[in-house]
Amino acid sequence: MPPVADPVVMGIVNVTPDSFSDGGQWLDPAAAVAHGRQLAAEGAAILDVGGESTRPGAAPVPAAVERERVVGVIAALAGTAAAQLSIDTMKADVAAAALDAGASYVNDVTALRHDPDMAGLVAARGVRCCLMHMRGAPRTMQDAPRYDDVVDEVRAFLLERVAFAVAEGVSEDRIDLDPGIGFGKDVQHNVALLHRLDELTALGFPVVVGLSRKGFLGRLTGEADPARRVAAGVAANVLCLERGAAVFRVHDVRETVAGLRVATATLRGHA
Ligand code: HH2
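Residues numbered from 1 in each chain as written. Predicted model: local features only at pLDDT ≥ 70, side-chain atom pairs only at ≥ 80, totals over all residues. Heavy atoms only, no water.

Turning our attention to unusual backbone geometry. Located in the positive-phi region is L112, a residue other than glycine, with phi close to 70 degrees. The class for L112 is buried, based on a relative accessible area of 4%. With phi around 60 degrees, R213 is a residue other than glycine that occupies positive phi space. One can find R213 in the loop between β7 (208-209) and α8 (215-221). The buried category is assigned to R213, whose relative accessible area is 10%. (Buried < 20%, exposed > 50% of the residue type's maximum accessible area, 1.4 Å probe, protein only. Helix = DSSP H or I, 4+ residues; strand = E, 2+ residues; numbered from the N terminus.)

See the structure below:
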């Protein structure tokens, strides 16, 4: 069995009115900052701050509104939370303002496809980025997604995006990959991606997994309330750890850190 690296937990700070599981809870900047600090104290090494929901059917947010939501929160967290800050955006303007405010990681769910200036920005600033697979756009991505082999197609897509990013000047050792759980995938596609995640981790890039509270967990467990899918998510994240995932993007940091600690010790065979 290959050595098990220390898992990195990325805590989600959604500064939005409409995120699928916690929309409106942290729209107030002071509440978002307090939440981010709490997640860092619970063990999140990265805080992923987002000002636009990407849930299926979500309406796009103008750049000025999105920037206004995230910049102050990032600036406040940069001074006070012991965590790296990530900006979850598909817009280069928003990412640039977030990097100026103290972020050092760009999480673009479109894998640098939405904004023609995004790849150049990531390259010029020399920051780490996450390239995620998504079929279609958030508004329509869950309309009967179809694949011949979802894992092969996601892997090919991610390799194509790596080639693009590198051609644009992004350093290969600053790229993370993400299968995009729930982004243009039905429950069987999501399960196949988790089952065969080792085929993605074998590519040699750190793999980010964002499955926290998502709909497929509800389909598998019958749990309609996203906030009550925590145990289901921890179970899935533990199996992703075993398959080599590096970064775990979650709402519930305390529970995930605990689960991954036990899993890490078990996989290593020592405490
Ligand atoms: N999922 C969401 C948003 N950003 N980024 C990465 N890299 N991977 C993911 O799986 C991912 C992501 C959706 O979750 P959430 O932020 O909780 O909801 P919303 O988009 O409704 O704000």
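Glancing now at helix α6 (residues 187-195). For the α-helix, the turn length of 3.6 residues means that residues three or four positions removed from each other point alike. Every buried residue of α6 is listed here: H189, N190, A192, L193 and L194. Contacts from the buried residues of α6 go to α5 (150-167), α7 (198-201), β7, α8 and α9 (230-242). (Contact = heavy atoms within 4.5 Å.)

On to the packing of α9 against helix α10 (residues 253-268), then. Where α9 contacts α10, the axes come no closer than 9 Å and their chain directions differ by 35 degrees. As for the relative orientation of α9 and α10, their crossing is right-handed in sense. In contact with V230, V234, N237, V238, L241 and E242 of α9, α10 contributes E255, T256, G259, L260, A263, T264 and L267. The residue inventory of the contact of α9 with α10, partitioned by class, reads seven nonpolar, four polar and two charged. (Axes fitted to C-alpha atoms, helices over the stretch in contact; angles between N-to-C directions. Left-handed = near helix turned anticlockwise from the far one by under 90°. Nonpolar A, V, L, I, M, F, W, Y, C, P; charged D, E, K, R; others polar.)

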